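Observations on chain architecture
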Amino acid sequence: MDAQRNWINVTTLGDLIDQRAAEQPDHEAVVFPDQRYTYADLAARAHAVSKGLVALGVGAGDRVGYFLHESIDTLATLLGAAKIGAITAPLNARFKSVELSQVVVHCGMKVVFTARPAGGTDFVGLLHETFPELASADATNLQLVDAPELKHVVVLDQEGAPGMLSATEFHAGGAEVSDDAVRHRQEAVRVRDTAVIMYTSGTTAMPKGAMLSHEAFVRFADSTVNDRMPITSEDKVWTALPLFHIGGVAFAIGTLYA
(Lines give C-alpha, C1' and ligand atoms only; values in the text may rest on other atoms or scores of the structure.)
Protein backbone atom coordinates (compact mmCIF):
# COMPACT_ATOMS: atom_id res chain seq x y z
CA MET A 1 0.00 0.00 0.00
CA ASP A 2 1.24 3.50 -0.87
CA ALA A 3 1.78 5.19 2.49
CA GLN A 4 2.09 8.59 0.79
CA ARG A 5 -1.22 8.41 -0.99
CA ASN A 6 -3.62 11.27 -0.33
CA TRP A 7 -7.12 10.07 0.52
CA ILE A 8 -9.85 12.37 -0.76
CA ASN A 9 -12.59 13.05 1.77
CA VAL A 10 -15.52 13.87 -0.49
CA THR A 11 -18.31 15.71 1.33
CA THR A 12 -21.03 18.27 0.75
CA LEU A 13 -20.34 21.99 0.91
CA GLY A 14 -22.71 22.41 3.85
CA ASP A 15 -20.96 19.71 5.85
CA LEU A 16 -17.58 21.15 4.86
CA ILE A 17 -18.20 24.58 6.42
CA ASP A 18 -19.76 23.05 9.54
CA GLN A 19 -16.83 20.67 9.95
CA ARG A 20 -14.29 23.48 9.65
CA ALA A 21 -16.23 25.59 12.17
CA ALA A 22 -16.28 22.68 14.61
CA GLU A 23 -12.55 21.99 14.19
CA GLN A 24 -11.23 25.55 14.06
CA PRO A 25 -13.95 28.00 15.12
CA ASP A 26 -11.57 30.90 15.77
CA HIS A 27 -9.38 30.39 12.70
CA GLU A 28 -9.76 33.10 10.04
CA ALA A 29 -11.80 31.87 7.11
CA VAL A 30 -12.09 34.92 4.87
CA VAL A 31 -10.64 38.42 4.82
CA PHE A 32 -12.02 41.39 2.89
CA PRO A 33 -10.37 44.84 2.78
CA ASP A 34 -12.35 46.05 5.79
CA GLN A 35 -13.71 42.85 7.32
CA ARG A 36 -12.31 39.62 8.81
CA TYR A 37 -14.38 36.51 9.59
CA THR A 38 -13.63 33.24 11.35
CA TYR A 39 -14.96 29.83 10.41
CA ALA A 40 -17.48 30.13 13.23
CA ASP A 41 -18.64 33.49 11.80
CA LEU A 42 -19.02 32.11 8.29
CA ALA A 43 -20.81 28.95 9.46
CA ALA A 44 -23.24 30.98 11.58
CA ARG A 45 -24.07 33.27 8.67
CA ALA A 46 -24.56 30.32 6.31
CA HIS A 47 -26.85 28.67 8.86
CA ALA A 48 -28.92 31.84 9.15
CA VAL A 49 -29.30 31.88 5.36
CA SER A 50 -30.39 28.23 5.43
CA LYS A 51 -33.10 29.01 7.98
CA GLY A 52 -34.29 32.05 6.06
CA LEU A 53 -34.53 30.04 2.84
CA VAL A 54 -36.49 27.28 4.54
CA ALA A 55 -38.90 29.93 5.83
CA LEU A 56 -39.42 31.12 2.24
CA GLY A 57 -40.30 27.58 1.15
CA VAL A 58 -37.02 26.84 -0.62
CA GLY A 59 -36.28 23.13 -0.89
CA ALA A 60 -33.83 20.71 -2.44
CA GLY A 61 -33.17 21.49 -6.08
CA ASP A 62 -34.60 25.02 -5.96
CA ARG A 63 -32.35 27.66 -7.49
CA VAL A 64 -31.09 30.60 -5.45
CA GLY A 65 -29.29 33.46 -7.16
CA TYR A 66 -27.03 36.16 -5.80
CA PHE A 67 -26.50 39.52 -7.50
CA LEU A 68 -23.88 40.92 -5.16
CA HIS A 69 -20.37 42.26 -4.92
CA GLU A 70 -17.79 40.20 -3.03
CA SER A 71 -18.79 40.01 0.63
CA ILE A 72 -19.41 37.61 3.48
CA ASP A 73 -23.06 37.50 2.34
CA THR A 74 -22.01 36.09 -1.03
CA LEU A 75 -20.23 33.14 0.56
CA ALA A 76 -22.94 32.69 3.20
CA THR A 77 -25.60 32.54 0.47
CA LEU A 78 -23.70 29.87 -1.47
CA LEU A 79 -23.01 27.72 1.59
CA GLY A 80 -26.39 28.33 3.22
CA ALA A 81 -28.25 27.23 0.10
CA ALA A 82 -25.97 24.19 -0.22
CA LYS A 83 -26.79 23.08 3.34
CA ILE A 84 -30.45 22.51 2.47
CA GLY A 85 -29.85 21.06 -0.98
CA ALA A 86 -30.76 24.20 -2.89
CA ILE A 87 -28.64 25.20 -5.90
CA THR A 88 -26.79 28.51 -6.04
CA ALA A 89 -26.58 30.42 -9.31
CA PRO A 90 -24.20 33.40 -9.21
CA LEU A 91 -25.27 36.40 -11.30
CA ASN A 92 -22.53 38.30 -13.07
CA ALA A 93 -22.19 41.75 -11.48
CA ARG A 94 -21.56 43.18 -14.97
CA PHE A 95 -24.83 41.94 -16.43
CA LYS A 96 -27.17 44.36 -18.15
CA SER A 97 -30.92 43.81 -18.29
CA VAL A 98 -30.88 41.43 -21.27
CA GLU A 99 -28.41 38.99 -19.66
CA LEU A 100 -29.94 39.36 -16.21
CA SER A 101 -33.41 38.51 -17.45
CA GLN A 102 -32.20 35.59 -19.55
CA VAL A 103 -30.26 33.94 -16.72
CA VAL A 104 -32.86 34.49 -13.97
CA VAL A 105 -35.61 33.05 -16.16
CA HIS A 106 -33.58 30.28 -17.82
CA CYS A 107 -32.28 29.09 -14.43
CA GLY A 108 -35.73 29.25 -12.86
CA MET A 109 -34.48 31.12 -9.81
CA LYS A 110 -36.87 31.05 -6.86
CA VAL A 111 -34.97 33.56 -4.72
CA VAL A 112 -32.45 36.25 -5.61
CA PHE A 113 -30.26 38.02 -3.05
CA THR A 114 -29.02 41.50 -3.84
CA ALA A 115 -27.81 44.68 -2.15
CA ARG A 116 -27.11 48.36 -2.74
CA PRO A 117 -23.32 48.56 -3.11
CA ALA A 118 -21.49 51.71 -2.07
CA GLY A 119 -20.16 52.05 -5.60
CA GLY A 120 -20.58 50.45 -8.99
CA THR A 121 -23.75 48.95 -10.45
CA ASP A 122 -27.06 49.75 -8.73
CA PHE A 123 -28.21 46.13 -8.48
CA VAL A 124 -31.62 47.01 -7.01
CA GLY A 125 -32.26 49.56 -9.74
CA LEU A 126 -31.20 47.14 -12.46
CA LEU A 127 -33.54 44.45 -11.12
CA HIS A 128 -36.41 46.95 -11.18
CA GLU A 129 -35.46 47.97 -14.71
CA THR A 130 -35.31 44.33 -15.81
CA PHE A 131 -38.56 43.29 -14.10
CA PRO A 132 -40.77 46.42 -13.96
CA GLU A 133 -43.57 44.46 -12.24
CA LEU A 134 -41.45 44.39 -9.08
CA ALA A 135 -42.33 48.00 -8.32
CA SER A 136 -45.92 47.08 -7.45
CA ALA A 137 -45.49 43.40 -6.53
CA ASP A 138 -46.16 41.67 -3.20
CA ALA A 139 -42.66 41.04 -1.83
CA THR A 140 -43.86 38.05 0.17
CA ASN A 141 -44.96 36.12 -2.92
CA LEU A 142 -43.98 37.50 -6.31
CA GLN A 143 -46.15 36.72 -9.30
CA LEU A 144 -44.14 38.09 -12.22
CA VAL A 145 -45.28 37.38 -15.75
CA ASP A 146 -41.73 37.73 -17.08
CA ALA A 147 -40.16 35.54 -14.37
CA PRO A 148 -42.87 33.13 -13.18
CA GLU A 149 -40.60 30.99 -10.96
CA LEU A 150 -39.12 33.96 -9.08
CA LYS A 151 -40.96 34.26 -5.75
CA HIS A 152 -38.67 36.43 -3.62
CA VAL A 153 -35.98 39.07 -3.98
CA VAL A 154 -34.08 39.82 -0.76
CA VAL A 155 -32.19 43.10 -0.29
CA LEU A 156 -29.39 42.53 2.21
CA ASP A 157 -29.55 46.10 3.51
CA GLN A 158 -31.31 47.70 6.44
CA GLU A 159 -34.07 48.89 4.15
CA GLY A 160 -36.11 46.92 1.67
CA ALA A 161 -37.26 48.10 -1.73
CA PRO A 162 -40.53 47.87 -3.68
CA GLY A 163 -41.30 44.22 -4.32
CA MET A 164 -38.30 43.07 -2.26
CA LEU A 165 -37.87 41.73 1.27
CA SER A 166 -35.41 43.44 3.58
CA ALA A 167 -32.66 41.55 5.37
CA THR A 168 -34.57 42.12 8.62
CA GLU A 169 -37.71 40.51 7.21
CA PHE A 170 -35.72 37.62 5.75
CA HIS A 171 -33.97 36.79 9.01
CA ALA A 172 -37.13 37.30 11.07
CA GLY A 173 -38.73 34.51 9.05
CA GLY A 174 -35.68 32.33 9.53
CA ALA A 175 -35.83 32.81 13.29
CA GLU A 176 -39.06 30.79 13.27
CA VAL A 177 -37.28 27.79 11.70
CA SER A 178 -35.66 25.26 14.02
CA ASP A 179 -32.08 24.07 13.76
CA ASP A 180 -33.43 20.53 13.40
CA ALA A 181 -35.36 21.55 10.28
CA VAL A 182 -32.09 22.59 8.67
CA ARG A 183 -30.22 19.53 9.93
CA HIS A 184 -32.78 17.10 8.50
CA ARG A 185 -32.46 18.75 5.08
CA GLN A 186 -28.69 18.86 5.31
CA GLU A 187 -28.50 15.14 6.05
CA ALA A 188 -30.43 14.41 2.85
CA VAL A 189 -27.98 16.22 0.55
CA ARG A 190 -25.80 13.91 -1.53
CA VAL A 191 -22.31 14.64 -2.83
CA ARG A 192 -23.37 14.20 -6.46
CA ASP A 193 -26.29 16.59 -6.14
CA THR A 194 -25.86 19.83 -8.07
CA ALA A 195 -24.45 22.53 -5.79
CA VAL A 196 -23.94 25.42 -8.21
CA ILE A 197 -25.12 26.37 -11.68
CA MET A 198 -22.33 28.51 -13.11
CA TYR A 199 -23.28 30.50 -16.19
CA THR A 200 -20.73 30.92 -18.95
CA SER A 201 -19.56 34.31 -20.18
CA GLY A 202 -21.81 34.16 -23.24
CA THR A 203 -19.07 35.33 -25.59
CA THR A 204 -20.47 33.39 -28.57
CA ALA A 205 -24.15 33.25 -27.55
CA MET A 206 -26.32 33.83 -24.50
CA PRO A 207 -24.83 32.48 -21.22
CA LYS A 208 -25.32 28.75 -20.66
CA GLY A 209 -25.63 27.07 -17.27
CA ALA A 210 -23.05 24.46 -16.25
CA MET A 211 -24.24 22.22 -13.39
CA LEU A 212 -21.50 21.46 -10.85
CA SER A 213 -21.88 18.99 -7.99
CA HIS A 214 -20.65 19.15 -4.40
CA GLU A 215 -18.26 16.33 -5.26
CA ALA A 216 -16.84 18.20 -8.26
CA PHE A 217 -15.91 21.19 -6.09
CA VAL A 218 -14.38 19.05 -3.36
CA ARG A 219 -12.34 16.97 -5.80
CA PHE A 220 -11.10 20.14 -7.51
CA ALA A 221 -10.21 21.57 -4.10
CA ASP A 222 -8.35 18.43 -3.08
CA SER A 223 -6.26 18.29 -6.24
CA THR A 224 -5.49 22.00 -5.98
CA VAL A 225 -4.43 22.12 -2.34
CA ASN A 226 -2.64 18.75 -2.25
CA ASP A 227 -1.16 18.35 -5.73
CA ARG A 228 -1.03 21.50 -7.81
CA MET A 229 -0.11 24.11 -5.21
CA PRO A 230 0.19 22.48 -1.78
CA ILE A 231 -1.68 24.66 0.72
CA THR A 232 -1.87 24.18 4.47
CA SER A 233 -4.26 25.55 7.08
CA GLU A 234 -1.68 28.23 7.92
CA ASP A 235 -1.54 29.64 4.38
CA LYS A 236 -3.53 32.52 2.95
CA VAL A 237 -4.70 32.66 -0.66
CA TRP A 238 -5.39 36.00 -2.34
CA THR A 239 -7.65 36.03 -5.37
CA ALA A 240 -8.80 38.93 -7.51
CA LEU A 241 -11.41 36.75 -9.22
CA PRO A 242 -15.00 37.77 -8.47
CA LEU A 243 -17.40 35.42 -6.71
CA PHE A 244 -19.69 35.24 -9.73
CA HIS A 245 -16.79 33.59 -11.59
CA ILE A 246 -15.87 29.91 -11.33
CA GLY A 247 -12.34 30.85 -10.33
CA GLY A 248 -13.50 32.94 -7.40
CA VAL A 249 -15.96 30.31 -6.18
CA ALA A 250 -13.59 27.37 -6.69
CA PHE A 251 -10.70 28.99 -4.82
CA ALA A 252 -12.99 30.03 -1.97
CA ILE A 253 -14.05 26.41 -1.58
CA GLY A 254 -10.45 25.29 -2.03
CA THR A 255 -9.31 27.34 0.94
CA LEU A 256 -12.21 26.01 3.01
CA TYR A 257 -11.07 22.51 2.14
CA ALA A 258 -7.43 23.25 3.01
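Scroll up to find the structure.
Residues numbered from 1 in each chain as written. Predicted model: local features only at pLDDT ≥ 70, side-chain atom pairs only at ≥ 80, totals over all residues. Heavy atoms only, no water.

**As for the packing of helix 2 (residues 39-55) against helix 6 (residues 167-174)**
Contact pair helix 2 / helix 6: the axes reach a minimum separation of 7 Å and the direction vectors enclose 85 degrees. When the axis of helix 2 is compared with that of helix 6, the two are roughly perpendicular. Packed against helix 2, whose contacting residues are Ala48, Val49, Lys51, Gly52, Leu53 and Ala55, the element helix 6 presents Phe170, His171, Gly173 and Gly174 at the interface. In terms of residue class, the contact of helix 2 with helix 6 is built from 5 nonpolar, 4 polar and 1 charged. (Axes fitted to C-alpha atoms, helices over the stretch in contact; angles between N-to-C directions. Helix = DSSP H or I, 4+ residues; strand = E, 2+ residues; numbered from the N terminus. Parallel < 35°, antiparallel > 145°, perpendicular 65-115°, else oblique. Contact = heavy atoms within 4.5 Å. Nonpolar A, V, L, I, M, F, W, Y, C, P; charged D, E, K, R; others polar.)

**Examining the nonpolar core**
Among the nonpolar cores identified, the biggest contains 54 residues, and Leu13, Leu53 and Phe113 are the most heavily contacted of them. If near-sequence neighbours (up to four positions away) are discounted, phenylalanine 113 is found in contact with Val49, Leu53, Val64, Gly65, Tyr66, Phe67, Leu68, Thr77, Val154, Leu156 and Phe170. Core analysis: the next-biggest nonpolar cluster, separate from the first, contains 29 residues, Leu100, Phe123, Leu150 and Val155 among them. (Core = buried A, V, L, I, M, F, W, Y, C linked by side-chain atoms within 4.5 Å. Buried < 20%, exposed > 50% of the residue type's maximum accessible area, 1.4 Å probe, protein only.)

**Things to note about the packing of helix 1 (residues 13-23) against helix 2**
Two elements in contact, helix 1 and helix 2, have axes separated by 8 Å at closest approach and are oriented at 140 degrees. As the angle between them shows, helix 1 and helix 2 are arranged oblique. For the crossing formed where helix 1 meets helix 2, the hand is left-handed. Facing Ile17, Asp18, Arg20 and Ala21 of helix 1, the residues of helix 2 in contact are Tyr39, Ala40, Leu42 and Ala43. Of the residues belonging to the contact of helix 1 with helix 2, the class tally is 6 nonpolar, no polar and 2 charged. (Left-handed = near helix turned anticlockwise from the far one by under 90°.)

Nothing here speaks to function; it is all geometry.
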